[in-house]
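What follows is the residue order along each chain.
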Amino acid sequence: MSTLTTPAPGTTAAPLRIGPHTVAPPVVLAPMAGITNAPFRTLCREFSGGKGLFVSEMITTRALVERNEKTMQLIHFDATETPRSIQLYGVDPVTVGKAVRMIAEEDLADHIDLNFGCPVPKVTRKGGGSALPYKRNLLRAIVREAVTGAGGLPVTMKMRKGIDDDHLTFLDAGRIAVEEGVTAVALHGRTTAQHYGGTADWDAIARLKEHVPEIPVLGNGDIWSAEDALRMVRETGCDGVVVGRGCLGRPWLFADLVAAFEGRADAYVRPTLREVADVMVRHATLLGEWIGDEARGVIDFRKHVAWYLKGFAVGSEMRKRLAITSSLEALRAGLDELDLDQPWPTGADGPRGRTSGNNRVVLPDGWLRDPYDCAGVGEDAELDTSGG
């Protein structure tokens, strides 16, 4: 890939320890529903040179325990993936415990991450995701079951600041994590109400790091470039970064992150449109191989087209055409009609993906009355299928 001669400044961040696993540099791919499947993780891992931690998309514990066909495909790992990392969503301690024991006993993964950060209404209306840490006793029960059931597997958790500015939970949740044996915590510096809008509160990440010095704290939110990642570590003292939307349509961001954290004066990856097109075709090809059907793979790839082409001079009609292709031949043919010699666009490293904010938070009736009472939350609150 083409490069831009820009020194990658170093940082003092040490390798991240996740149980027996060393993550160096301390860079983690955030779980994203419908995105961080095996094909996308493969691309990110290839660009990183195999360095970092790449987490599966969110898996619902009930669907896993019931061996839902879609879920069993989602937990498939490439033979070269190590450590294998699964993120679980659950609201019932018993079901979470069953799922974790299943993973440990059947050797389905090497690391388990618990999702307490998802802000979407279909999750929070059941008391899950970023709504759950408000119920401190329920959070503790779930984490305890997970850590107990995991045996020797390390358990981490990802969360948000809280439901809104009046109902912050991240400090209490961090303390519960320490007390129950969680290996590391990741904080997205936004509330549920913010969704993906506004600016991530990196000061909250710094506060959490001071509050739970016993375990690594990872920062998440508004990391659009390698420089952003280094700045987060410098400003917050966090032990590593979790990168989500910044790598959408840009899996080579992980090459930049590795170079930056290793303090190498390497050139960051700045691909031409021709090189981007080659990655697009490879991504679609991997999806087809993973799904077992080329057309379905290309159809699943459609959501990625706009992210890959962000900033390039591509007309609206061609963008629409590429976003409705259903074969690799059609995708390649459309891309070949573009001016493929275009350099990496100025400003293309900025925000991408969802940016909505100030949404009304959907919660179970009476959820905020008591931060400790767990009445009414049980196995029936689990989603039927995984993916978030």
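Above: the structure in question.
So, a few notes on the structure that sits alongside this text. (Residues numbered from 1 in each chain as written. Predicted model: local features only at pLDDT ≥ 70, side-chain atom pairs only at ≥ 80, totals over all residues. Heavy atoms only, no water.)

In this section: the packing of aromatic side chains. In the structure shown here, the tally under the stated rule is 6 aromatic pairs. When the ring of W252 is compared with that of Y308, the centres are 6.3 Å apart and the planes differ by 45°; the resulting orientation is tilted. Of the two residues, W252 sits in the loop between strand 11 (240–243) and helix 10 (253–261) while Y308 sits in helix 13 (residues 305–308), which places them 56 residues apart along the sequence. Y308 carries the same exposure label as W252, and that label is buried. Ring plane angle 35° and centroid distance 5.8 Å describe the contact between F301 and Y308, whose orientation is recorded as tilted. Summarising the burial analysis for this pair, F301 and Y308 share the class buried. Chaining the aromatic ring pairs together yields one cluster made of F47, W252, F301, Y308, F312 and W344. Residue placement shows R160 over the ring face of Y196; its charged tip is 5.0 Å from the ring centre. (Phe/Tyr/Trp six-rings, centres within 6.5 Å; stacked < 30°, edge-to-face > 60°. Helix = DSSP H or I, 4+ residues; strand = E, 2+ residues; numbered from the N terminus. Buried < 20%, exposed > 50% of the residue type's maximum accessible area, 1.4 Å probe, protein only. Lys NZ or Arg CZ within 6 Å of the ring centre and 35° of its normal.)

The next point concerns the environment of V182. The topology assignment puts V182 in the loop between helix 7 (170–179) and strand 9 (184–188). Residues V182 and R144, 38 residues apart in the sequence, show an inter-C-alpha distance of 8.8 Å. Non-local contacts of V182, meaning those with residues more than four positions away in its chain, are made with V143, V147, V155, T156, M157, A177 and I215. (Contact = heavy atoms within 4.5 Å.)

Let us now look at unusual backbone geometry. In this chain, A24 is followed by P25 through a cis amide linkage whose omega measures -5°. Of note, P25 is situated in the loop between strand 3 (21–23) and strand 4 (27–29). Here T82 and P83 are connected by a cis peptide whose omega angle stands at -5°. Relative to the helices and strands, P83 is located in the loop between helix 3 (69–74) and strand 6 (85–89). The phi torsion at R67 lies on the positive side, around 55°, for a residue other than glycine. Within the element layout of this structure, R67 appears in the loop between helix 2 (61–65) and helix 3. With relative accessibility at 43%, the residue R67 sits in the partly exposed group. Unusually for a residue other than glycine, H195 sits at a positive phi of about 50°. Positionally, H195 belongs in the loop between strand 9 and helix 8 (202–211).

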